Amino acid sequence: RDNRSAWEPYRPTWFAAPPGSKFIYLADGYGSNLIHVYTITGQYTGQSYGGPEMFSTCHAINYDPRFGQLVVSDRENHRHQYFTFDP
């Protein structure tokens with residue numbers, strides 16, 4: 001029996017490490033559909049964004065230097081979503 005909460009990281013698919021940021025953003029696309037935030041030293045900050053009401057398989061995340069934002073590939077919704085972030 002699996003006792004993991006639906007809000008815990010499950011199967012991460014990609015991460016983003018924006019230049020100069022103190023944080024790494026991890027896409028949990030095959031689990032909770034959340035973007036989890038870690039410090040650059042690997043500590044979980046307790047912050048997560050998204051969830052099944054916002055994403056349906058947030059498969060990838062990256063930094064887009066054209067806009068200075070994070071872009072999330074929301075695969076099953078067939079779209080990209082842009083977000084500001086804490087540097």
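Structure: above.
Predicted model only: the values in this text are computed from it and were never measured.

### Focus on the packing of aromatic side chains
Then comes step 1: All chains considered together, the criterion is met by 5 aromatic pairs.
Then comes step 2: Centroid distance Tyr38 to Tyr44: 5.2 Å. Interplanar angle 50°. Geometry classified as tilted.
Then comes step 3: Overall, Tyr44 belongs to the partly exposed group, its relative accessible area being 38%.
Then comes step 4: Through pairs of rings, three or more aromatic residues link up here, namely Tyr25, Tyr63 and Phe85.

### Points about the nonpolar core
Then comes step 1: Residues Ala16, Phe23, Tyr25, Ala27, Ile35, Val37, Phe55, Cys58, Ile61, Leu70, Val72 and Phe85 constitute the largest nonpolar core, which totals 12 residues.
Then comes step 2: Put simply, the parts of the chain that give this core at least two residues each are strand E2 (23-28), strand E3 (34-39), strand E5 (58-64) and strand E6 (69-74).

The rules behind these values
Residues numbered from 1 in each chain as written. Predicted model: local features only at pLDDT ≥ 70, side-chain atom pairs only at ≥ 80, totals over all residues. Heavy atoms only, no water. Phe/Tyr/Trp six-rings, centres within 6.5 Å; stacked < 30°, edge-to-face > 60°. Buried < 20%, exposed > 50% of the residue type's maximum accessible area, 1.4 Å probe, protein only. Core = buried A, V, L, I, M, F, W, Y, C linked by side-chain atoms within 4.5 Å. Helix = DSSP H or I, 4+ residues; strand = E, 2+ residues; numbered from the N terminus.

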